[in-house]
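Listed here are the chains, written in short residue letters.
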Amino acid sequence: MYDIQIHDHLRTKLRERGDAVSGRWGLFLLAQEAEQESTMVSFDDLACLKLLPNVLPYTHQIETAKRVINELHGRALLADEVGLGKTIEAGLVIKEYMVRGLVKKALILVPASLVLQWTRELNEKFAVNAFAQRNEWSWTNYDVVVASMDTTKREPHRTTVLHQDYDLVVVDEAHKLKNNRTSNWQLVNQIRKKYLLLVTATPVQNDLKEVYNLIHLLRPGQLGNPATFTSTHVQDKRTPKDPQALRSALNTLMVRNRRKESHLDFTERHVEAILLRLSNEEMELYHAVSDFIKEEYDYRASHHRSLLPLITLQREICSSSYAALPTLEKMRKDPHLNSIAHERLEHIYEMAQSVPGYTKVNQTIDLVKQISDKLIVFTEYRATQDFLLYMLRRSNIAAVPFRGGFKRGKKDWMKDLFEHRAQVLVATEAGGEGINLQFCNQVINFDLPWNPMRVEQRIGRVHRLGQTRPVYIYNLATKETIEEHIVQLLQEKIQMFESVIGELDVILGAKAFEKELLQTFLESKDEEEIRARLNVLSKRVQRTPATIGREREKQ
Amino acid sequence: MKDQKLYNFCKQYFTLVNATLHHADDFALSVELPKEVDKELTDRPFYWMWVETLGETPPPNFLYLLFDDLTPSPEWTSVLKDTQKPERVLPGSYRMQKIYQSAKLHGMFAVAYERKADLWPHVLINVKVSYISDRQKDELLSYLFSAHHQTIKKIEWNHWEKNLLYDEPQSGSQIVPLPINYDLVFSKLLSEVTHEIEKRDQSWARESSQRLKKELTELDQYYETMENKEALAAEQQLRKAEITWRMSPRVEVNPYQLALLYLSENT
């Protein structure tokens, strides 16, 4: 039933001494005491708990680690909602396997911005000797390597990694493995590994197929083959046939703790919408752009052309005229544009350039001065970010940028500068993922993503375990623009700032949501219709998977 | 609160490895490390390579280890050099792991005597048995071999009079000179350990074997239903190898300590 392996280390050592025994009895007793300390007397306990120098895990984190090891047998999808400490859960699993000698060589694949954070946390909180990957030799020189997925999938690193055996591979932000045709997915699929942890708060974003692809990495066939998965579980891309059945199929490989069920003491969250009135010139520009988009939308819809630039432009113009300039510039150069549209764009471009004041930026600066504490300003756009930084500095407010494009070291540097020197961190969406900024409790959403999950990701940077103060969120919205509707929809109707958010990902996907919003804005005849359509949309979203399940049962 | 168990362990360890203990707070140990111990407790191989290549005599290294969260008093710490920061020792901390490792290394072999008139040679061996599948647990076993009777028996470490043994025999003790064939001792030991393992609850291995078999079968069935079977053959083999690697039950037997004991015949 099992092999017995004999270690002959002691016999060899004795032979080296010519079978002559010597040594002090006191040291012998002490060594036995040390051996007892590292002896695991039970399969089930989490032995690492008494060996964690700088972390006191919460009950749900301990339970999760135990479940991963004892019930899921070390291949699992950790899909807790944002802010419940998935990193701690993964750290516990890594540490437990290491103290039991089941893992020696481990690879932690994370976004570039999180390499140093993961390395530091493993070392400081878990006393795991982890190294941030630096060069080609890191893979073989160190047992526990933290590396960015983007570096790892490039040669020569990829080949080196694929030639090694890993006792454990952890992939953070694992929603980046949702597509099985990407090099990310292929890499993880090809690595030879004993245990595998996939960590993400959003196992499904747009399509149920995504969770199928994640599960395939853990245990192929768990959800059947692609055809049986579709016939058994998929009603349409985003709706499971029987949520309960899908959930139980996932249960053997997935752990998902929810904020509302965790009974954790999260600090209070205060959300406030700040409504602003644009200046006449800004309003004129807004209307000019919106009218242009409306007409282009009809034309593009009838000619089957992409609506994406229009969505982008509509969202940018809500952010700032600066944000819209690059897209306007690009559209001006579009050879398919007719001469009238071209002329109108030229006019809009000139208007955008000559706007004399910036209501939203001024309001932000006033708010920053008023708060007089550390705060993060989130924007979706690089151009807005640059402009905000420039204006903040002009007002003698120390501000630092943070965005996805920064190299790992720079991200870390910016985080430290923000913690110790600057008052404001101006971050773009891409920079928001995974980084922990609990030392700050104020967030200004300069513009809002048209995607509730991404808003939650932003807030999750500060409103998470470890935050000791109440968190204040300010959503800036300009009156009589689409933004006013967006803020109302996201903040009040969907109640995304409560706990429903975790369930949204199953019922609706990000891209579909954005498209539906644009359609609502552009196809509605008047404000009244916009409001009515948004009401319908929010009601649909409020139907959680549980209610959908109950409704089906009644049928 | 002072971690008395760790404190006692460390104090005893430093005394036994001939480190010099200086005055310190009640909840702290101030230690001057001998070179060899310093090498084992601090991770600086390049420093030692450099020192030894140049044939230099490095200044002695000191540690100021804290076993409580209290702030060390300036009375004791003022004499420390800038580089010697007080250091909190906790069960999982790097320093404690190093101390345990070093203790295991120094305590691998020993000779000890009972305080009796007539002493017979015995061999004590401690063995770690690890039961491993995708999970793991250990068991420590102790065996005593009698050179006189050429027999080996299992003993209960926790109920055994180990504190009645000393590094030196009492004056006037008579030691019966008997040769010891260590190959024979190890051979008898392994046969006893194997026998002992067989007596243990085997359900962990049975369950693991069944799970392994089930997962392999399901995996084959899954790939059988795929249209592009050939293209997926490499992936299938890799997954099978991973499952086998993770779930195959095995037992590791690791004898880790041996002592030559001179005991009275009825011990």
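Residues numbered from 1 in each chain as written. Chains lettered and ligands numbered in written order. Predicted model: local features only at pLDDT ≥ 70, side-chain atom pairs only at ≥ 80, totals over all residues. Heavy atoms only, no water.

Caption draft 1: Region of the structure containing the sheet that holds strand β15 (residues 442-445) of chain A. Residue and element names in this part refer to chain A. The strand order across the open sheet built from six strands is β11-β16-β15-β12-β14-β13, with neighbouring strands paired in parallel fashion. If you trace the sheet from one side to the other, it starts and ends with β11 (269-276) and β13 (399-402), each paired once. With strand direction ignored, the average angle separating the axes of adjacent strands in the sheet is 20°. Across five bridges, strand β12 (residues 375-379) lies against strand β14 (residues 424-428) in parallel orientation. Each residue of the ladder has a partner; that of Thr 379, found in β14, is Thr 428. Its contacts with the sheet place helix α18 (residues 382-394) against β12, β13 and β14, and it is angled at close to 165° to β13. Against the sheet, helix α19 (residues 408-420) engages β12, β13 and β14, with an angle of about 150° to β13. (Pairing = 2+ DSSP bridges. Helix = DSSP H or I, 4+ residues; strand = E, 2+ residues; numbered from the N terminus. Axes fitted to C-alpha atoms, helices over the stretch in contact; angles between N-to-C directions. Contact = heavy atoms within 4.5 Å.)

Caption draft 2: How the structure looks around the confidence of the model for chain A. This prediction gives chain A a mean pLDDT of 85; 91% of its residues lie at or above 70. Here residues 493-510 of chain A is a poorly scored stretch, pLDDT under 50, and it has 67 contacts once near neighbours within four places are set aside; other chains count. (pLDDT = per-residue confidence, 0-100.)

Caption draft 3: The arrangement of the packing of aromatic side chains in detail. Throughout the structure, instances matching the rule amount to 20 aromatic pairs over all chains. Centroid distance Phe 418 of chain A to Phe 439 of chain A: 5.4 Å. Interplanar angle 55°. Geometry classified as tilted. Here the residue Phe 418 of chain A occupies a position in helix α19, and Phe 439 of chain A occupies one in the loop between β14 and β15, the gap between them amounting to 21 residues. Residues Tyr 13 of chain B and Phe 14 of chain B carry aromatic rings whose centres are separated by 5.1 Å and whose planes lie at 65° to one another, so their mutual orientation is edge-to-face. A single burial state applies to Tyr 13 of chain B and to Phe 14 of chain B, both of which are buried. (Phe/Tyr/Trp six-rings, centres within 6.5 Å; stacked < 30°, edge-to-face > 60°. Buried < 20%, exposed > 50% of the residue type's maximum accessible area, 1.4 Å probe, protein only.)

Caption draft 4: Seen up close, the interface of chain A and chain B. If you look at the interface, chain A gives 69 residues, while chain B gives 81 residues. Carbon and sulfur atoms supply 62% of the area buried between chain A and chain B, which totals about 7,100 Å² over both sides. The interface formed by chain A and chain B holds ten salt bridges in total. The salt bridge partner of Glu 242 of chain B is Arg 75 of chain A, with a shortest N-O separation of 3.2 Å. Applying the counting rule to chain A against chain B returns 36 residue pairs in polar contact (both at pLDDT 80 or more). Broken down by secondary-structure element, the contributors of at least two residues to the side of chain A that touches chain B are β1 (3-6), α1 (9-16), α2 (25-37), α3 (59-70), β6 (165-172), α9 (183-190), β7 (192-199) and α10 (209-218) of chain A. It is α2 of chain A that provides the largest number of residues to the side of chain A that touches chain B, a total of 13 residues. Across the side of chain A that touches chain B, the residue classes break down as 30 nonpolar, 19 polar and 20 charged. Taken together, the four bridges between β1 of chain A and strand β11 (residues 250-263) of chain B define a ladder with parallel strand orientation. Bridge pairing in β11 of chain B links Asp 3 of chain A to Arg 250 of chain B. (Buried area = accessible area lost by both parts, 1.4 Å probe. Salt bridge = Lys/Arg side-chain N within 4 Å of Asp/Glu carboxyl O. Polar contact = N/O pair within 3.5 Å; in protein donor to acceptor, adjacent residues only side chain to side chain. Nonpolar A, V, L, I, M, F, W, Y, C, P; charged D, E, K, R; others polar.)

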